[in-house]
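These are the residues of each chain, in order.
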Amino acid sequence: LDILLDSPDNNVSEYIFEKIGVDLHRRPEHPLGILKSAILEYFDSAYGKGSFRMFDDLHPIVSTHENFDSVLVPQDHVSRSKNDTYYVTEDTVLRCHTSAHQLSLLKQGEKKFLVTGDVYRRDTIDATHFPVFHQMEGVRVFTKCELSSTELAPQDFVSQELKSMLEGLAKHLFGEVELRWVDAYFPFTDPSYELEIFFNGEWLEVLGCGVMQKQILNGASLVDEEAWAFGLGLERLAMVLFDIPDIRLFWTNDERFSKQFKAGMFRSGGHNMQKFKSYSKYPPCYKDVSFWLPNVSKFTENDLCEIVRSTAGNLVEEVKLIDEFHNPKTNQVSNCYRITYRSMDRSLTD
Ligand code: PHE
């Protein structure tokens, strides 16, 4: 660990490093583990038990090749920047998506699989964003024979199967819920879509998906085949499914949280399923901090949030720019940020 942390390219704080191996998604009693099982249950019933193989222990430190190149992310894409991604060394990162494992699993000959794991993204701070979260990836390869059983063009057939499968999944999880498909862009799929569900008065993006680029399949020696892939954020879905108001709660050890979740508590369609009962929120505590930016500014909000997170840990709820001042004489800019602190399990003193 020390050797890795000492690499000149490293931008991973200890706070983030400590999250590796916690594996919330592998705890059967944790909402993320419960959701993982609920999704697997859907695949078992839709395709036959065990036909999708689940990988949930692939290590989150991957090469830049796996994270970016193997899924055709362009050289100049923002997600490659050190502002957005945690670099361990020059050519290893904390995976920013489970798509990092697509190619190697296809190369191993896997044709129907799910990958669940922790993913890491440098970001700003609020109640729905945390630098570590969990994704589930799904891939299904269609053989030449399966593709020839239809009149449709192969891509249309695959798109259709993908969409109806995911609509079935949404129904399994949420029951009758309003859905919409939105065209999207991902370097590794074409066409690409996002699925949104209508929840609490707003449209919520819950997953990305599409028909896998031929180039990726060819890289795994699949020439006559087609495939779909999707990636969904487990926290997003779990917050909706169980009514969990703050993303930091997934990390709490407070029994008032953990005692409310049991393996096997999931009920298809949400029928009679126990929701999370919020214990009273503790009061927030605000602190404003302002500072001058250097003239040639390399400052980014993600960098600031990384410092705040490293210092304040889970106590920080939001970091928000509330004022910006430009001094015309010196041509300097100062920023004022409001940091909102709130503990999930106790009252904070000033
Ligand atoms: N990897 C994408 C993301 O993290 C999701 C995705 C997976 C999209 C597979 C398409 C296919 O946003």
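Residues numbered from 1 in each chain as written. Predicted model: local features only at pLDDT ≥ 70, side-chain atom pairs only at ≥ 80, totals over all residues. Heavy atoms only, no water.

Asker: Looking at this model, I keep getting lost on the side chain of Glu196. Mind explaining?
Answerer: The residue Glu196 is located in strand E8 (residues 189–199) in this model. With a relative accessible area of 11%, Glu196 lands in the buried category. Of the polar contacts made by the side chain of Glu196, one reaches the side chain of Arg180; its length is 2.6 Å. Non-local contacts of Glu196, meaning those with residues more than four positions away in its chain, are made with Glu178, Leu179, Arg180, Val182, Trp203, Leu204 and Glu205. (Helix = DSSP H or I, 4+ residues; strand = E, 2+ residues; numbered from the N terminus. Buried < 20%, exposed > 50% of the residue type's maximum accessible area, 1.4 Å probe, protein only. Polar contact = N/O pair within 3.5 Å; in protein donor to acceptor, adjacent residues only side chain to side chain. Contact = heavy atoms within 4.5 Å.)

Asker: Just to check I follow, could you spell out empty space enclosed by the protein for this structure?
Answerer: If you roll a probe as big as a water molecule over the atoms, it shows you where there is empty space left. Inspection of the entire model under this criterion finds 2 cavities of 30 Å³ or more. Its volume calculated, the largest cavity comes out at about 70 Å³. As for the largest cavity, its lining consists of 13 residues, and the residues nearest its centre are Asp123, Ile125, Pro131, Cys305 and Glu306. Looking at side-chain class alone, the lining of the largest cavity contains 5 nonpolar, 3 polar and 5 charged residues. In this structure, the second largest cavity encloses a volume near 60 Å³. For the second largest cavity, the full set of lining residues is Leu166, Leu169, Ala170, Leu173, Phe174, Leu195, Ile197, Val206, Leu207, Leu232 and Leu237. Put simply, the parts of the chain that give the lining of the second largest cavity at least two residues each are helix H7 (154–174), E8 and strand E9 (202–212). When residues of the lining of the second largest cavity are assigned to their parent elements, the largest contribution, 5 residues, is made by H7. Residues that form the lining of the second largest cavity fall into these classes: 11 nonpolar, no polar and no charged. (1 Å grid on protein atoms, 1.4 Å probe; cavity = no way out; pocket = protein on both sides within 12 Å on 5 of 7 lines; lining within 4 Å. Points joined across faces, edges and corners; volume = space filled by probe spheres on them. Nonpolar A, V, L, I, M, F, W, Y, C, P; charged D, E, K, R; others polar.)

Asker: I would appreciate a short explanation of the site of the ligand in the present structure.
Answerer: Looking at the ligand, there are 14 residues lining it, with His97, Ser99, Arg121, Gln135 and Gly231 nearest. At 3.1 Å from a nitrogen atom of the ligand is found a side-chain nitrogen or oxygen belonging to His97. In this structure, a nitrogen atom belonging to the ligand sits 2.9 Å away from a side-chain N or O atom of Ser99. For the ligand, the protein covers 90% of the area, taking 330 Å² as the surface of the free molecule. (Near = heavy atom within 4 Å. Areas by Shrake-Rupley, 256 points an atom, 1.4 Å probe, with all protein chains shown as cover.)

Asker: Would you take a moment to explain the pattern of salt bridges for this structure?
Answerer: A side chain with one charge may pair with a side chain of the opposite charge, provided their charged atoms come close. Tallying each qualifying case throughout the model produces 21 salt bridges. With its nearest N and O atoms 2.6 Å apart, the salt bridge here joins Asp254 to Arg256. Asp288 is paired through a salt bridge with Arg338; the nearest N and O atoms lie 2.8 Å apart. Residue Asp288 is found in strand E11 (residues 285–292), and its partner Arg338 is found in strand E13 (residues 332–341); the two are separated by 50 residues along the sequence. Residue classification places Asp288 among the partly exposed residues on the basis of a relative accessible area of 42%. (Salt bridge = Lys/Arg side-chain N within 4 Å of Asp/Glu carboxyl O.)

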